[in-house]
Each structure stands twice: as structure tokens, then as C-alpha cells.
Amino acid sequence: MSALAHTPGRVEPSAHGGARANKYHPALVLLHWLLAWFIIASLLFGFFVLRVVPNTDPHKIDMLEWHMGLGMAILAAMLVRLVVRWRTARPAPAGLGTPASARAAGRAHLAFYLLVACMVASGYATALLAHLNDIVFARSGAPLPPTFDAYPTFHLHGWIAALLAVLVTLHVLGASWHWLVRRDGVMRRMGWGGRRVE
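Since we're looking at a predicted model, the values are computed, not measured.

Calculation rules
Residues numbered from 1 in each chain as written. Predicted model: local features only at pLDDT ≥ 70, side-chain atom pairs only at ≥ 80, totals over all residues. Heavy atoms only, no water. Helix = DSSP H or I, 4+ residues; strand = E, 2+ residues; numbered from the N terminus. Buried < 20%, exposed > 50% of the residue type's maximum accessible area, 1.4 Å probe, protein only. Contact = heavy atoms within 4.5 Å. Expected span 1.5 Å × (residues − 1). Axes fitted to C-alpha atoms, helices over the stretch in contact; angles between N-to-C directions. Parallel < 35°, antiparallel > 145°, perpendicular 65-115°, else oblique. Left-handed = near helix turned anticlockwise from the far one by under 90°. Nonpolar A, V, L, I, M, F, W, Y, C, P; charged D, E, K, R; others polar. Phe/Tyr/Trp six-rings, centres within 6.5 Å; stacked < 30°, edge-to-face > 60°. Polar contact = N/O pair within 3.5 Å; in protein donor to acceptor, adjacent residues only side chain to side chain. Patch = residues over 30% accessible without salt bridge, like charges linked within 9 Å, V, L, I, M, F, W, Y side chains within 5 Å. Areas by Shrake-Rupley, 256 points an atom, 1.4 Å probe, with all protein chains shown as cover. Salt bridge = Lys/Arg side-chain N within 4 Å of Asp/Glu carboxyl O.

Some remarks on the overall build of the chain
Broken down by element type, the chain carries six helices and zero strands. Its helices and strands taken in sequence order, the chain reads α-α-α-α-α-α from the N to the C terminus. By the burial criterion, 35% of the 198 residues in the chain qualify as buried. Pairs at least 24 residues apart make up 81% of the contacts formed inside the chain by residues separated by at least 6 positions.

So, helix H6 (residues 152-182)
In this model H6 runs 44 Å from its N-terminal to its C-terminal C-alpha over 31 residues, within 8% of the 45 Å that 1.5 Å per residue would give. Among the residues of H6, Thr153, His157, Ile160, Ala161, Leu164, Leu167, Val168 and His178 are the ones counted as buried. Just downstream of H6, Arg183 is the residue with a positive phi angle, here 50°.

Quick look at helix H2 (residues 26-50)
Helix length check: H2, at 25 residues, gives a terminal C-alpha distance of 34 Å against a target of 36 Å (1.5 Å per residue), a fit within 8%. Three or more residues of H2 are buried, namely Leu28, Val29, Leu31, His32, Leu35, Ile39, Ser42, Leu43, Phe45 and Leu50.

Quick notes on the packing of H2 against helix H3 (residues 60-87)
Close contact between H2 and H3 brings their axes to 9 Å; oriented N to C, the two are set at 155°. Regarding the angle of H2 to H3, the classification is roughly antiparallel. Taken as a pair, H2 and H3 cross one another with a handedness that is left-handed. Considered class by class, the residues forming the contact of H2 with H3 number 20 nonpolar, four polar and three charged.

Description of the packing of H2 against H6
Between H2 and H6, the shortest axis-to-axis distance is 11 Å and the interhelical angle comes to 135°. As judged from the angle between their axes, H2 and H6 are oblique. H2 and H6 meet at a crossing whose hand is left-handed. Mapping the contact onto sequence places His32, Ile39, Ile40, Leu43 and Phe47 in H2 and Ala161, Ala162, Leu164, Ala165, Val168 and His171 in H6. Of the residues assigned to the contact of H2 with H6, the class counts are nine nonpolar, two polar and no charged.

Brief notes about the packing of aromatic side chains
All told, the structure shown has two aromatic pairs when counted by the stated rule. Seen from their ring centres, Phe148 and Phe154 are 5.6 Å apart, and the 45° between their planes marks the pair as tilted. With a relative accessible area of 8%, Phe148 lands in the buried category. We classify Phe154 as partly exposed; its relative accessible area is 29%.

Looking at the side chain of Arg195
Summarising the element assignment, Arg195 is placed in the segment after H6. A distance of 3.3 Å separates a polar atom in the side chain of Arg195 from the backbone oxygen of Tyr24.

Points about a nonpolar patch on the surface
On the surface, Leu30, Trp33, Trp37, Trp177, Trp179, Leu180, Val181, Met187 and Trp192 cluster together to form a nonpolar patch covering roughly 1,000 Å² of accessible area. The leading source of residues in the nonpolar patch is H6, at four residues. On the accessibility criterion, Trp37 (62% relative accessible area) is exposed.

Focus on the pattern of salt bridges
Enumeration according to the criterion identifies two salt bridges in this entry. Each member of the salt-bridge network shares a partner with another, and the members are Asp62, Glu65 and Arg139.

What to know about the side chain of Thr126
Position of Thr126 among the secondary structure elements: in helix H4 (residues 99-129). Looking at Thr126, its side chain comes within polar contact range of the main-chain oxygen of Ser122, at 2.8 Å. Excluding its chain neighbours within four sequence positions, the residues that come into contact with Thr126 are Thr153 and Phe154.

Now the structure itself:
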């Protein structure tokens, strides 16, 4: 690893400055895997639990509290990840060995950020319209709306969740293909140890 990467108080050169690393920064690696579990858990919980439990169920408020809290944690982690990604050197985008596929890989990562931001925004908008902040977090004692279907933001939240689930699936399939078929070391870039900045 370069001396610059070890210098206390110094920010290593970002990819915007031309520097490249063989692996992502350890903080970025940690945030990547943490967000992976958070996002998958939130999607599965939304699709297979929240969607089928009626709003009249007394446990639905507790479920919404968990789901909304996780959504806020995802947003916070994504913002921290953006800062770390911007301030640290990183590997070139992984593709299929062509510039076009590398650009596509970079755009797919950008799509993750955009979809997650839109998920949080649509969820928060639904919470405001349905007064969920008072019902769920302040425990005002008011009942949940009979259904969230009356809110357009709720349907938008569902569509964005579906798109995000597709993107996550494609990401997992692509990573598995690099790991099991090409065996090109791409997966090692999202691991710890042996990082060098050039």
C-alpha cells in the first residue's frame, strides 16, 4: 500500500484524482456487506410480511416501526458510503473485459444509490400522508389507515422495491458469475486485507 494511504489525517487520492486501488477501502467493504443484508432483509420483510399482514392486526405497528427504522438506517449507511466512496481510491468498474461493460457496471452501482434514495423518499412520503410518524413512533394511539392503497406514494414504493429486487438479483448473479465462472478475482476486491493504492 502506498505511504499516502497510511498517513494519519490525510485523505488518500480518490478515483477522481486518477489513483486506483486493487481493493475497496475497508470502511466501504463493511458498509457494502452491511447494506446488502439490510436491503435484502427490508425487501423480504416488505414483500412477504408487511404486504400480507392487514393494518387491523395490532402487531402491524410494531412491524412498521422495525421496517421504517431499518429504512432510515439504510439511508444513513448509504450517505456514509457515498462520502467514503468519494474520498477514497477504488478499483476500476468491473465488467466483462470491455469498456462498455465496465460503464454498464458503473451505471448499475449508480442505479443502486438512486433506487435506494427513491425507496426511502417514497416510504417517508407515505408515512407523512398516513401520519405514521405519530402512530408508529409517537404511539399516539390512533389506528392505522384501513389500507395504504389510497396513497400513490405507497404504490410507487412498491414499484421501486420491485425494481430494486431485480437489480439486487442481477448484482448477485453477476458477482456469482465472476466468482464461479470467470474466477477473475473481482470478488476479492470487496474483501479485507492486502489493499494497495497506486
